[in-house]
Amino acid sequence: MTQTVSGFEIPPIPRNATGPRVPSCGYLVQEIKDGVHWITDGGYQCAFVVCEDGVVAIDAPPSLGGLVTQAIRDVTSKPVTHVVYTHSHGDHIGAVNQFPDDAIRIAQRETHSILLESGDPARRLPDVTFKDSYRLEVGGRVLDLHYKGSNHAPGNSFVHLPQQRILMLVDVIYPGWVPFTNIAQSKNIRGFMAHHDHALAFDFDTMITGHLTRLGTREDVETQRAYMHDIRRAAQHALEITPEKRELAREAVGLDHIYLYFKTMYEAAAAEAARPVIEKWSGRLAGVETLGVNHTLTMYHSLRLDENAEPHVVFFPPLAT
Ligand SMILES: [Zn+2]
């Protein structure tokens, strides 16, 4: 049966949105290049680098749990000596306690602050922190960590492997798909947008993105950047048509239930403005029918609150006219 969302039929998932099949053991581990491996369970991704005398692990999602260590053991018997946290979120680093206690944990300063505040024993505090960048050289391998400001989350950092031309950035780029709900739950939409350009400034061929079933490419970053700029334009249009939706909302639900009135007004503007974006990207990026309106609405609120766009349009709608 065909499913519809926001009046759009959900087409089959584009082929470009699917990756290699995950074996029945529950995980897939593959070498990308020269000791750099990725692991996926089909929903989450993490990585590790085999060095001369040890292994550098990057993230350990609870969805994979102990399978991360199992995947490393499929490849090498060398000990895990270093653990890099891409960011603080428990769904990506909540299983890092499987690594040896004496492994050196490295993360950006903001990540350290967030973890200190949370006090979650499953996410041990990093031993080494950095502000802007940090080079980790272990047994002939180089990992460059870079922080370019808040994006999906404060502290969310790039891991660049210049020798292998591989870039890891989690929860920002979604190869073959539109970003996750609320623009990948971003804490900073402007920073999220800028990270497409920050990513493309690195020298890389392959990207590990933290989610979904395949690796990313430069083209995936460019495609998502084009989609996100369409969403931004749609959100600007939604701001412009808000006055007419205000009337529509007042007629439809009245003014007494103020939350319902605002919700109706915002959603009507976002739904109308998102329509051409969804039509343009349907069949090219999976999930646009499901989340195109949500992205437009999220961007709309970012523009009106963070960038103070058209404040006269939305801040003080006349409640009694
Ligand atoms: Zn996250």
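Please refer to the structure placed before this passage.
This part takes up the overall build of the protein chain. Across its full length, the protein chain carries 10 helices and 14 strands. Relative to the globule expectation of 20 Å for 321 residues, the C-alpha radius of gyration of the protein chain, 22 Å, shows essentially globular dimensions. Projecting the C-alpha coordinates of the protein chain onto the three principal axes gives extents of approximately 75 × 45 × 35 Å. The proportion of buried residues among the 321 residues of the protein chain is 50%. Residue pairs at least 24 apart in sequence account for 62% of intrachain contacts in the protein chain once pairs closer than 6 positions are excluded. Just so you have it, the protein chain exposes about 14200 Å², and 51% of that area is on carbon and sulfur atoms. Looking at charge distribution, the protein chain has the averaged site of its 29 positive side-chain charges lying 2 Å from that of its 38 negative ones.

On to the side chain of R123. Mapping R123 onto the fold places it in the loop between α3 (109-118) and β9 (128-130). Classification of R123 by relative accessible area gives buried; the value is 15%. A distance of 2.7 Å separates a polar side-chain atom of R123 from the backbone oxygen of S88. Among the polar contacts made by the side chain of R123, one reaches the side chain of D120 at a distance of 2.8 Å. Not counting residues up to four positions away in its chain, the partners in contact with R123 are S88, H89, G90, I93, G94, V96, L115 and S118.

With that settled, the discussion passes to the coordination of the zinc ion. Within the protein, the zinc ion binds to H87 (NE2), H89 (ND1), H152 (NE2) and D171 (OD); these donor distances fall in the range 2.1 to 2.2 Å. Coordination at the zinc ion is irregular: its 4 donor atoms span angles of 86 to 173° at the metal. For H87, a relative accessible area of 0% puts it in the buried group. Classification of D171 by relative accessible area gives buried; the value is 4%.

Our next topic: the sheet that holds strand β4 (residues 36-40). Pairing is mixed across the open sheet formed by 7 strands, whose spatial order is β3-β4-β5-β6-β7-β8-β9. Each having just a single partner strand, β3 (28-33) and β9 make up the two edges of the open sheet. Within the sheet, the average angular offset between the axes of one strand and its neighbour, ignoring direction, is 20°. With 5 bridges joining them, β3 and β4 adopt antiparallel strand pairing. Pairing of Q30 across the sheet is with W38, part of β4. Across the face of the sheet, helix α1 (residues 67-75) comes into contact with β3, β4, β5 (45-50), β6 (55-58) and β7 (80-84) while running at roughly 35° to β5.

Core analysis: the largest hydrophobic core is formed by 46 residues, its most contacted members being L167, M207, V221, Y227, M228, M299 and Y300. Considering every element that reaches this core, the biggest residue donor is helix α8 (residues 258-281), with 10 residues. Two domains each donate at least three residues to this core, and these are domain 1 (19-213) and domain 2 (230-314). I58, L161, M168 and V170 belong to the second largest nonpolar core, which has 23 residues in total.

This brings us to the state of the cysteines. Within the structure shown, the criterion is met by 0 disulfides. Cysteine C25 remains unbridged, with the sulfur of C46 as its closest cysteine sulfur at 13 Å. Overall, the relative accessible area of 42% leaves C25 in the partly exposed class.

It is worth spelling out the packing of aromatic side chains at this point. The relative placement of two aromatic rings is captured by the distance of their centres and the angle of their planes. In the structure shown here, the tally under the stated rule is 6 aromatic pairs. Judged by centre distance (5.3 Å) and plane angle (65°), the ring pair of Y261 and F262 falls under edge-to-face. Of the aromatic side chains, those joined through ring pairs into one cluster are Y261, F262, Y266 and Y300. The residue whose ring lies beneath R284 is W281, and the NZ or CZ to ring-centre distance is 4.3 Å.

Basis of the calculations
Each residue is numbered by its place in its chain's sequence as written, counting from 1. Owing to the predicted nature of the model, reporting of local features is limited to residues with pLDDT of at least 70; listing and counting of side-chain atom pairs is limited to 80 or more, with chain, interface and lining totals taken over all residues. Remark: hydrogens and water are excluded; side-chain values derive from all non-hydrogen atoms of the structure. To qualify as a helix, a DSSP run of H or I must reach at least 4 residues; to qualify as a strand, a run of E must reach at least 2; elements of each kind are numbered from the N terminus. Values of the radius of gyration come from C-alpha atoms, whereas the globule rule sets the reference at 2.2 Å times the count of residues to the power 0.38. Only protein chains enter the accessibility calculation, which uses a 1.4 Å probe; a residue whose area is less than 20% of its type maximum is buried, one above 50% is exposed, and one in between is partly exposed. Whether two residues touch is decided by their heavy atoms; if any such pair falls within 4.5 Å, the residues are in contact. Values of accessible area rely on a 1.4 Å probe in the Shrake-Rupley scheme; residue burial ignores everything except the protein chains shown. Just so you know, the count uses Lys and Arg for positive and Asp and Glu for negative, and it drops His and the chain ends. Each charge is placed at NZ for Lys, CZ for Arg, CG for Asp and CD for Glu. Counted as a polar contact is a pair of N or O atoms within 3.5 Å, where, for protein atoms, one must be capable of donating a hydrogen and the other of accepting one, and residues adjacent in sequence contribute only when both atoms are in side chains. Think of the donor list as every N, O and S atom within 2.8 Å of the metal, or within 3.2 Å for Na, K and Ca; water never makes the list, so a site can look incomplete. Between 85 and 135 degrees for all angles marks four donors as tetrahedral; over 155 degrees for opposite donors together with 65 to 115 for all other angles marks four donors as square planar and six as octahedral; every other arrangement is irregular. Strand pairing is defined by DSSP finding a minimum of two bridges between the two strands. All axes here are fitted lines through C-alpha atoms, helices being fitted over the stretch that makes contact, and every angle between N-to-C directions spans 0 to 180 degrees. Each nonpolar core is a collection of buried residues, namely Ala, Val, Leu, Ile, Met, Phe, Trp, Tyr and Cys, held together in the definition by side-chain atoms within 4.5 Å. What counts as a domain boundary in this text is fixed by an automatic or database domain assignment. In plain terms, two cysteine sulfur atoms within 2.5 Å form what is called a disulfide here. Stacked, edge-to-face and tilted are the three classes for Phe, Tyr and Trp ring pairs, Trp counted by its six-membered ring, which pair at centre distances within 6.5 Å; planes under 30 degrees apart are stacked, over 60 edge-to-face, the rest tilted. Here, a charge over a ring is recorded when the distance from Lys NZ or Arg CZ to the ring centre is within 6 Å and its angle to the ring normal is within 35 degrees.

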